Number of protein chains: 2
Amino acid sequence: MPVPIEIIILGSGSAIPTLERKHPAILIKYEGDYMLFDCGECAQLGLQKAGISPMKIKRVFITHWHADHFAGLIPLIETLHMLGRKKMLEIYAPEAERFVETILELSYWSFGFKIKPIDVSIEEEQKIVKEKKYEIFSLPVVHSVPAVGYIFQEKDHWKIIPSKIKKLGIPEDKIQLLKEKGKIKIDGKIIEISEVARKIEGRRIVYSGDTLPVEKLFEKASNSVLIHDATFVEPVEGRAHSSFKEVCELAKKYKVKKLILTHISKRYKNHSELVKKAKKYFSKATVAKDGMKIIL
Amino acid sequence: MPVPIEIIILGSGSAIPTLERKHPAILIKYEGDYMLFDCGECAQLGLQKAGISPMKIKRVFITHWHADHFAGLIPLIETLHMLGRKKMLEIYAPEAERFVETILELSYWSFGFKIKPIDVSIEEEQKIVKEKKYEIFSLPVVHSVPAVGYIFQEKDHWKIIPSKIKKLGIPEDKIQLLKEKGKIKIDGKIIEISEVARKIEGRRIVYSGDTLPVEKLFEKASNSVLIHDATFVEPVEGRAHSSFKEVCELAKKYKVKKLILTHISKRYKNHSELVKKAKKYFSKATVAKDGMKIIL
């Protein structure tokens, strides 16, 4: 069984929150690592509802500096202070330094942990996090202000086939080394990992933030999970957002495995109607809901 | 019947909000005027629950710049922008200019209304709003950072006794003038307002914000409504907050008419237990709850 990856939609709404759809915020949990993508108003209450302590958040990724995507950061920092956080909090965003500095001027703060802002490029795709088992990338998108999407990429890894290990007489304590190096010498003979293990392709989650449809983002989401801005059902002229129709069509073209439409305008009241519309456009689409949990 | 004054507790919690007790925010409605006292995270959702459009807010009064008292301002401004507000929004606070300026640097704002910051004194009591029928005062309190409480004061006014008006033969169209001037000359004879009307004392609401007990605030709340910081049930050493015990004792001493304890720590889970404790200390005390409405 692969490590479960949990995605929790804390907020599925857009600029004006409603009681049903709060501001954007998405939690991704990978083993012990908790990552927050956007942090709109009430994000910390979404965490409470999901039974997750905000102290567990390791990194926050902000797509752009519109209040619905960051307004929850300030009260989240206050809560972390009150809970006695010591561990550094990393905040990734376009112009993170500038805006985090402004946040730090906005209150009589007195917290005992470091906040590290990390600027991400709005020019080109960038690898911004390198962990042992996964990486995170930012990718420029097209909105009314500088904005990026984010890609969570689990690394490909090898699943050992015990019968083959046994057959080739590889000692138990050498398996980890074999996984790390890709090959190992046993009794003068080189054994490749591919001889005794099956390659497991890493899972990928793509999150768009606010954007007009950007083909490259869909390309990245091929055979993966895509969480995408779908503020409107049909395209709306002059708004730097995407629609159900556009997103579903591109997701279909690029063979997205699972599409979650989010950042839903408050004009749409009937959730199940929206789900029906999404599925009519693309059978693998669904519509985000506050508190929705997806396990990969 | 006097004009009803509505008080709605949008948030009754303290620095760490819970699903039951959100950050501090109190709405006071007087005729068509909607005033917000503190604006913690989710204040706009509290307004939605109460069925009040945020567009109606005329003035915001921030007691101090700790995130639990202002974090809702940023997303509120975003919402007002999205709803197309044109009317100026006044924000009163200690150091309002400095902090509002910082808020304006914190996002890619593009709103079409003016935000006017108004500094209030942390040295002395100050009359900050003068309306036809009411006034608002700020009063310094004692917290860990510069902080004030606010006093809503309805003006005293005269209730005409129709039988006396008739008896003295005062024409209908002179009554308004009599109310405004306090006296009027009819057929060469001066008539004082007190001869034909009953004086109605203006109602008063005192809100403390975060503070240690400040005797002057209780003095102001004599025979009035007092909404007071009561983070803890018993006093807690070294914390710049008040307790049920201290607040109730002083409220009793100064003959407060109705005491609402608020800014309740998340450590207390059982609301009805808290109410019992409050009433044991002072029979006219109660404990705030999110969504609580008080009509005077």
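Residues numbered from 1 in each chain as written. Chains lettered and ligands numbered in written order. Predicted model: local features only at pLDDT ≥ 70, side-chain atom pairs only at ≥ 80, totals over all residues. Heavy atoms only, no water.

1. A short note on the overall build of chain A
What counts, and what does not: Helix numbering and strand numbering both begin at the N terminus, where a helix is a DSSP run of H or I of at least 4 residues and a strand a DSSP run of E of at least 2. This radius of gyration counts C-alpha atoms alone. The globule rule is 2.2 Å times how many residues there are, raised to the power 0.38. Exposure categories follow from relative accessible area, calculated using a 1.4 Å probe and restricted to protein chains: below 20% of the type maximum is buried, above 50% is exposed, and the middle band is partly exposed. Should any heavy atoms of two residues lie within 4.5 Å, those residues are counted as being in contact. To measure how exposed things are, a 1.4 Å probe is used in the Shrake-Rupley method; for residues, cover is taken only from the protein chains shown.
Helix and strand counts for chain A come out as 10 helices and 18 strands. In terms of C-alpha radius of gyration, chain A reaches 21 Å, essentially the compact-globule figure of 19 Å for 296 residues. Overall size of chain A, expressed as C-alpha extent along the three principal axes, is 70 × 50 × 35 Å. Looking at chain A as a whole, 57% of its 296 residues are labelled buried. Contacts in chain A between residues at least 24 apart in sequence constitute 64% of all its contacts with a sequence separation of at least 6. Carbon and sulfur atoms form 51% of the exposed surface of chain A, whose accessible area is close to 13200 Å².

2. What to know about the side chain of Arg59(B)
Residues and elements named next belong to chain B. Defined as follows: A 3.5 Å cut-off defines polar contacts: any pair of N or O atoms within that distance qualifies, except that in protein one atom must be a possible hydrogen donor and the other a possible acceptor, and neighbouring residues in sequence count only when both atoms are side-chain atoms.
Counting through the fold element by element, arginine 59 comes out in strand S4 (residues 57–61). At 2.7 Å, the side chain of arginine 59 forms a polar contact with the side chain of glutamate 90. Those residues in contact with arginine 59, other than ones at most four positions away along the chain, are Tyr34, Met35, Leu36, Glu90, Tyr92, Val129, Glu131 and Tyr134.

3. Brief notes about the state of the cysteines
Chemically, a disulfide is nothing more than a covalent bond linking the sulfur atoms of two cysteines. Applied cut-off: Any two cysteine sulfur atoms within 2.5 Å of one another count as a disulfide.
Under the definition given, this model contains one disulfide over all chains. With a sulfur-sulfur separation of 2.3 Å, Cys42(A) is cross-linked through a disulfide to Cys42(B). Here the residue Cys42(A) occupies a position in the loop between strand S3 (33–39) and helix H1 (43–49), and Cys42(B) occupies one in the loop between strand S3 (33–39) and helix H1 (43–49), the pair thus bridging two chains.

4. Focus on the pattern of salt bridges
Oppositely charged side chains can form a pair if their charged atoms are brought close together. All names here are of chain A. The criterion, for reference: Definition used for salt bridges: Asp or Glu carboxyl oxygen within 4 Å of a side-chain nitrogen of Lys or Arg.
Here the structure, examined in full by the defined rule, presents 30 salt bridges over all chains. Across the salt bridge formed by glutamate 215 and lysine 253, the nearest N and O atoms sit 2.4 Å from each other. Of this pair, glutamate 215 sits in helix H8 (residues 215–220) while lysine 253 is found in helix H9 (residues 244–253), placing the two residues 38 residues apart along the sequence. Residue glutamate 215 is classed as partly exposed on the basis of its relative accessible area of 35%. Ionic contacts of the salt-bridge type, sharing partners, join the residues Asp33, Lys58, Arg59, Glu90 and Glu131 into one network.

5. Re the packing of aromatic side chains
All names here are of chain A. As a reminder, the rule being used: Any pair of Phe, Tyr and Trp rings, taking the six-membered ring for Trp, is counted once the centres come within 6.5 Å. Such a pair is stacked with planes under 30 degrees apart, edge-to-face with planes over 60 apart, and tilted for the rest. Lysine and arginine charges are scored as sitting over a ring when NZ or CZ, respectively, is within 6 Å of the ring centre and within 35 degrees of the ring normal.
Overall, the coordinates contain 24 aromatic pairs over all chains when judged by the stated rule. Judged by centre distance (5.2 Å) and plane angle (55°), the rings of tryptophan 65 and phenylalanine 70 are tilted. Residue class for phenylalanine 70 comes out buried when judged on its relative accessible area of 0%. Among the aromatic residues, those joined into a cluster by ring pairs are Phe37, Phe61, Tyr92 and Tyr150. Between arginine 85 and the ring centre of phenylalanine 113, over which it is positioned, the NZ or CZ distance is 5.8 Å.

6. Overview of H9(A)
Taken together, the buried positions of H9(A) are occupied by Phe244(A), Val247(A), Cys248(A), Leu250(A) and Ala251(A). In this fold, the buried residues of H9(A) make contact with H8, strand S15 (225–229), strand S16 (258–262), helix H10 (271–281) and strand S17 (285–287) of chain A.

7. Topic: the relation of the copies chain B and chain A
One copy of the chain maps onto the second through a rotation around an axis plus a translation along that axis. Rules: When the copies are superposed, the least-squares fit draws on C-alpha atoms of residues that have pLDDT of at least 70 in both.
Note on the identical chains: chain B maps onto chain A by a rotation of 180° and an axial translation of 0.0 Å, with an RMSD of 0.1 Å. Those values place the two copies in the arrangement expected of a two-fold rotation axis. Interface overlap between copies is the fraction of interface residues in one copy that are interface residues in the other; for chain B against chain A it reaches 100%, indicating a shared surface.

8. Re the domain arrangement of chain A
A common way to report how large an interface is uses the accessible area buried once the components associate. The condition is simple: Segmentation of the chain into domains, including their bounds, is taken from an automatic or database domain assignment.
Split into domains, chain A comes out as domain 1 (5–156 + 201–295) and domain 2 (159–192). Its C-alpha centre places domain 1 of chain A at a distance of 40 Å from the equivalent point of domain 2 of chain A.

9. A closer look at the sheet that holds S15(A)
Residue and element names in this part refer to chain A. Test applied: When DSSP finds two or more bridges between two strands, those strands count as paired. Between N-to-C directions, angles span 0 to 180 degrees; the directions come from axes that are lines fitted to C-alpha atoms, helices contributing only their stretch in contact.
Strand order in the open sheet made by the seven strands is S7-S8-S9-S14-S15-S16-S17, with mixed pairing throughout. Since the sheet does not close on itself, it has two edges, and those belong to strand S7 (126–130) and S17, each with one partner. Each strand axis lies, on average, 20° off the axis of its neighbour in the sheet, ignoring direction. Sheet topology places strand S14 (residues 204–207) next to S15; three bridges connect them, and they run parallel. The residue of S15 that forms the bridge with valine 206 is leucine 226. Here H9 sits on the sheet in contact with S15, S16 and S17, set at roughly 165° to S16. Across the face of the sheet, H10 comes into contact with S16 and S17 while running at roughly 165° to S17.

10. Description of the pairing of strand S12 (residues 189–192) of chain B
Residues and elements named next belong to chain B. Two elements, strand S11 (residues 183–186) and S12, share four bridges in a ladder whose sense is antiparallel. Directly across from isoleucine 184, in S12, lies its bridge partner isoleucine 191. The loop that links S11 with its antiparallel partner S12 comprises two residues; one of these, aspartate 187, has a positive phi angle of about 50°.

11. Some thoughts on the interface of chain B and chain A
The cut-off we apply is this: Buried area is calculated as the accessible area (1.4 Å probe) missing from two parts once they are joined, with the contributions of both summed. Note on residue classes: Ala, Val, Leu, Ile, Met, Phe, Trp, Tyr, Cys and Pro are nonpolar, Asp, Glu, Lys and Arg are charged, and everything else, Gly too, is polar.
Contacts between chain B and chain A engage 41 residues on the former and 41 residues on the latter. Here chain B meets chain A over a buried area of about 3500 Å², counting both sides, of which 68% is carbon and sulfur. Where chain B meets chain A, there are 14 residue pairs in polar contact (both at pLDDT 80 or more). Among the secondary structure elements, those contributing two or more residues to the side of chain B that touches chain A are H1, helix H2 (67–70), helix H3 (73–82) and helix H4 (96–104) of chain B. Classifying every residue of the side of chain B that touches chain A gives 22 nonpolar, 10 polar and nine charged.

12. Concerning the sheet that holds strand S9 (residues 148–154) of chain B
The strands that make up a sheet are held in pairs by hydrogen bonds between backbone atoms, and each pair lies either parallel or antiparallel. Residue and element names in this part refer to chain B. Pairing within the open sheet is mixed, and its seven strands lie in the order S7-S8-S9-S14-S15-S16-S17. Of all the strands in the sheet, the pair left with one neighbour each is strand S7 (126–130) and strand S17 (285–287). Sheet twist, expressed as the average angle between the axes of neighbouring strands with direction ignored, equals 20°. Note that S7 and strand S8 (residues 134–140) share four bridges and pair antiparallel. Residue pairing in the sheet places valine 129 in a bridge with isoleucine 136 of S8. The strands that helix H9 (residues 244–253) touches are strand S15 (225–229), strand S16 (258–262) and S17; relative to S16, the one it contacts most, it runs at about 165°.

13. Focus on the packing of H9(B) against helix H10 (residues 271–281) of chain B
To describe two helices that pack against each other, one gives the angle between their axes and the distance between the axes. Residues and elements named next belong to chain B. This is how the line gets drawn: An angle below 35 degrees is read as roughly parallel, one above 145 as roughly antiparallel, one from 65 to 115 as roughly perpendicular, and any other as oblique. When the near helix sits turned anticlockwise from the far one by under a right angle, the crossing is termed left-handed; a clockwise turn instead gives a right-handed crossing.
Where H9 contacts H10, the two axes come as close as 9 Å, and the packing angle between them is 40°. One finds that H9 runs oblique with respect to H10. By crossing handedness, the relation of H9 to H10 is classed as right-handed. Contact residues: Phe244, Lys245, Cys248 and Lys252 in H9; Leu274, Ala278 and Tyr281 in H10. Counted by class, the contact of H9 with H10 contains five nonpolar, no polar and two charged residues.

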